[in-house]
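The residues making up each chain are set out below.
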Amino acid sequence: MAEALAWQIKVDPAQATPIWSQLVTEIRHNIARFRPEPGTAVISERKLAETLGLHRNTVRQAYAELLDKQILARRNCRAIVVGPQAKDLYKKPFPTISLIMHRQMSELFKEFTKQSLEIFGSLLDHASALGISVNIVVLPPIDAGREEIDFWIEKNLTRSIGVINFGPRTYRCSDPVFNQLTGMKDIPQVLVLGSAPDNNVSNVFDDNEPGFREMLEELRRNGHRKLAVFNWKIRSLYYSSAVNRGATLIDLAPQYGIVPQVYSIDSFQTSEEQLGDEIARNLDQLFASPDHPTAIWGQNDYTAKIIYDQLTARGIAIPEDISLIGYDNDTGGLLASVNYSRSDLGKELVEIIWHMYNSGKSDTVIHRGIPSKFYPNKTIGKCKS
């Protein structure tokens with residue numbers, strides 16, 4: 001008698017998804033990857049439960065779901081085998097995800113930071129591990145009409161199992177391609193670090209609260225009681241992940257006995273000189289008060305590095321005179337910063353589409369946050385009395 005097929009399964013009790021549902025997804029992945037013939041015997045509920053250290057009822061619930069969909073079947077009333085519908089999971093030999101970049105790749109590679117490459121590389125690696133091809137899609141012109149966009153969607157997206165969308169090409173005016181894409185309901189779609197109107201499209205975002213809590217605890221431990229928050233003034237819906245950072249920090253700070261003092265930055269995506277001038281004016285206002293904040297948080301490390309240069313040009317020592325924290329941790333260990341795993345983010349983008357594809361629920365909306373961490377580095381220290 002042939003040995004029963006064992007599954008290569010990993011489950012994570014820390015996930016919000018129930019264990020039995022994780023088992024269903026993992027078994028579907030196994031079938032799609034290894035393509036066993038219908039009728040092939042599989043490991044029993046009891047043995048799988050023992051192997052994974054789970055309660056048998058958990059495995060039974062997963063098997064019941066797969067039996068109901070005829071991905072598994074019963075033989076002789078007891079033995080469980082691969083079912084007649086299993087082949088539907090791998091009848092397409094190369095499932096494809098469409099990856100929509102908001103600019104030409106030649107332009108993006110000139111500007112890719114280490115973090116951007118981590119997202120891109122992790123996304124491609126995880127798709128490859130699941131046997132998924134990735135099709136990088138070139139956008140039509142930003143002034144394309146409805147008919148041209150419809151043709152572009154039909155040609156590039158309708159045969160893929162899902163779409164990963166890196167956002168609109170501009171935040172100051174409307175991008176008709178992005179608007180039409182985020183209105184689609186018949187194909188799984190996930191946005192990177194942004195939101196669509198009415199939250200009707202899945203997204204993966206940075207959960208900045210854990211990192212901010214660690215940062216605020218460190219500031220309190222060092223005696224800081226006032227924090228200047230240099231916050232973007234934009235209110236773009238798509239950039240909600242970045243825009244909401246400041247709001248989250250402002251809400252959390254009083255819980256740690258720290259008073260936030262907000263300085264708005266309007267020069268987002270302008271020249272470094274314009275941004276520097278606006279930051280200089282904000283710093284003038286900050287230091288005009290004798291009881292000014294003893295620590296500063298910048299919207300991202302790019303902004304915080306300009307603040308750093310402005311402070312040192314004024315002869316202000318960091319962190320001896322004032323502490324400075326950014327967001328992104330991409331200054332080679334210079335700035336204290338909050339950051340999240342871009343590798344985990346890239347993986348989650350693929351996982352969401354793969355989950356919706358396997359469940360057959362393309363209109364499901366899934367929002368997943370990647371927890372952040374605080375990196376003290378060199379620019380946070382004791383509050384100067």
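Residues numbered from 1 in each chain as written. Predicted model: local features only at pLDDT ≥ 70, side-chain atom pairs only at ≥ 80, totals over all residues. Heavy atoms only, no water.

Draft legend 1. Fine view of the overall build of the protein chain. Check the secondary structure of the protein chain and you find 12 helices and 13 strands. Structurally, the protein chain occupies a C-alpha span of about 85 × 55 × 30 Å along its principal axes. Residue pairs at least 24 apart in sequence account for 73% of intrachain contacts in the protein chain once pairs closer than 6 positions are excluded. Counting every atom, the protein chain has about 18800 Å² of accessible surface; 50% of that belongs to carbon and sulfur. When the 43 basic and 45 acidic side-chain charges of the protein chain are each reduced to a single mean position, those positions are 7 Å apart. (Helix = DSSP H or I, 4+ residues; strand = E, 2+ residues; numbered from the N terminus. Contact = heavy atoms within 4.5 Å. Areas by Shrake-Rupley, 256 points an atom, 1.4 Å probe, with all protein chains shown as cover. Lys, Arg positive; Asp, Glu negative; His and termini not counted. Charge placed at Lys NZ, Arg CZ, Asp CG, Glu CD.)

Draft legend 2. Expanded view of unusual backbone geometry. Geometrically, the link from Ile318 to Pro319 is a cis peptide bond, its omega value of 5° lying close to zero. When you line up the elements, Pro319 lands in the loop between α11 (301-313) and β11 (323-327). The phi torsion at Gln70 lies on the positive side, around 60°, for a residue other than glycine. Tracing the backbone through its elements, the reader meets Gln70 in the loop between α3 (56-68) and β1 (72-75). For Gln70, a relative accessible area of 42% gives the class partly exposed. A positive phi angle is found at Leu193, which is not glycine, with a value near 60°. Within the element layout of this structure, Leu193 appears in the loop between β6 (189-192) and β7 (202-207). Residue classification places Leu193 among the partly exposed positions, given a relative accessible area of 23%. (Buried < 20%, exposed > 50% of the residue type's maximum accessible area, 1.4 Å probe, protein only.)

Draft legend 3. Examining the environment of Gly167 more closely. Positionally, Gly167 belongs in the loop between β5 (162-165) and α7 (176-181). As a C-alpha pair, Gly167 and Ala288 span 121 residues in sequence and 40 Å in three-dimensional space.

Draft legend 4. View of the nonpolar core. Of all hydrophobic cores here, the largest spans 65 residues; its most connected members are Trp7, Tyr63, Ile164, Met215, Leu216 and Leu227. Ignoring any residue separated from it by four or fewer positions in sequence, one finds Tyr63 in contact with Trp7, Ile27, Val42, Ile43, Ser44, Glu45, Leu48, Leu72 and Ile80. Counting 21 residues, the second largest nonpolar core, distinct from the first, contains Ile265, Ile296, Ala304 and Ile307. (Core = buried A, V, L, I, M, F, W, Y, C linked by side-chain atoms within 4.5 Å.)

Draft legend 5. Main features of the pairing of strand β12 (residues 336-340). In terms of burial, β12 is a largely internal element, 5 of the 5 residues being buried. Side chains Ala336, Val338 and Tyr340 project from β12 onto one buried face, and the interleaved Ser337 and Asn339 project onto a second face that is buried too. Pairing of β11 with β12, which is carried by 3 bridges, proceeds in the parallel orientation. Looking at β12, one finds that Ile325 is bridged to Ala336. Both β12 and strand β13 (residues 367-375) contribute to a ladder of 4 bridges, which runs antiparallel. Across the sheet, Val338 pairs through a bridge with Phe374, a residue of β13. (Pairing = 2+ DSSP bridges.)

Draft legend 6. Highlighting the sheet that holds β6. As summarised here, the arrangement of the 11 strands in space is β4-β3-β5-β6-β7-β13-β12-β11-β10-β8-β9, forming an open sheet in which the pairing is mixed. The open sheet terminates on both sides in strands that have one partner only, identified here as β4 (133-137) and β9 (259-265). Neighbouring strand axes in the sheet, compared pairwise and without regard to direction, differ in orientation by 20° on average. In the packing of α11 onto the sheet, contacts are made with β8 (226-232), β9, β10 (295-298), β11 and β12, and the angle to β11 comes to roughly 155°. (Axes fitted to C-alpha atoms, helices over the stretch in contact; angles between N-to-C directions.)

Draft legend 7. Local environment of the environment of Lys226. Residue position: Lys226 is located in strand β8. Residue classification places Lys226 among the partly exposed positions, given a relative accessible area of 26%. Considering only alpha carbons, one finds Lys226 and Ile119, 107 residues apart in sequence, at a separation of 35 Å. The residues touching Lys226, leaving out its near neighbours within four places in the chain, are Ile258, Val259, Asp291, Pro293, Thr294 and Ala295. A distance of 3.0 Å separates polar atoms of two side chains, one belonging to Lys226 and the other to Asp291. (Polar contact = N/O pair within 3.5 Å; in protein donor to acceptor, adjacent residues only side chain to side chain.)

Draft legend 8. Structural detail: the pairing of strand β3 (residues 96-100). The element β3 is extensively covered by neighbouring structure, given that 4 of its 5 residues are classed as buried. Where β3 meets β4, 5 bridges bridge the pair, whose relative direction is parallel. Note on β4: the bridge partner recorded for Ile100 is Val137. Across 4 bridges, the pairing between β3 and β5 is parallel. The residue of β5 that forms the bridge with Ile100 is Asn165.

Draft legend 9. Molecular detail of the packing of aromatic side chains. Scanning all chains against the criterion turns up 4 aromatic pairs. Residues Phe230 and Tyr263 carry aromatic rings whose centres are separated by 5.3 Å and whose planes lie at 25° to one another, so their mutual orientation is stacked. One end of the pair, Phe230, is in strand β8; the other, Tyr263, is in strand β9, and 33 residues separate them in sequence. Comparing Phe230 with Tyr263, the two get one shared label, buried. (Phe/Tyr/Trp six-rings, centres within 6.5 Å; stacked < 30°, edge-to-face > 60°.)

Draft legend 10. Molecular detail of the environment of Arg225. On the secondary structure map, Arg225 appears in the loop between α8 (209-221) and β8. The exposure class of Arg225 is partly exposed, given its relative accessible area of 42%. Sequence separation between Arg225 and Gly257 is 32 residues, and the spatial gap between their C-alpha atoms is 6.4 Å. Not counting residues up to four positions away in its chain, the partners in contact with Arg225 are Arg220, Gly257, Ile258, Val259 and Thr294.

Draft legend 11. Structural view of the pattern of salt bridges. Taken as a whole and assessed by the stated rule, the structure comprises 17 salt bridges. Put simply, Arg213 and Glu209 hold a salt bridge, and the shortest N to O gap is 3.0 Å. Of this pair, Arg213 and Glu209 are both found in helix α8, 4 residues apart, which corresponds to roughly one turn of the helix. For Arg213, a relative accessible area of 27% puts it in the partly exposed group. Between Asp328 and Arg342 there is a salt bridge, with its nearest N and O atoms 2.9 Å apart. Of this pair, Asp328 sits in the loop between β11 and β12 while Arg342 sits in helix α12 (residues 342-359), and the two are 14 residues apart along the sequence. In terms of burial, Asp328 and Arg342 fall into one category: buried. (Salt bridge = Lys/Arg side-chain N within 4 Å of Asp/Glu carboxyl O.)

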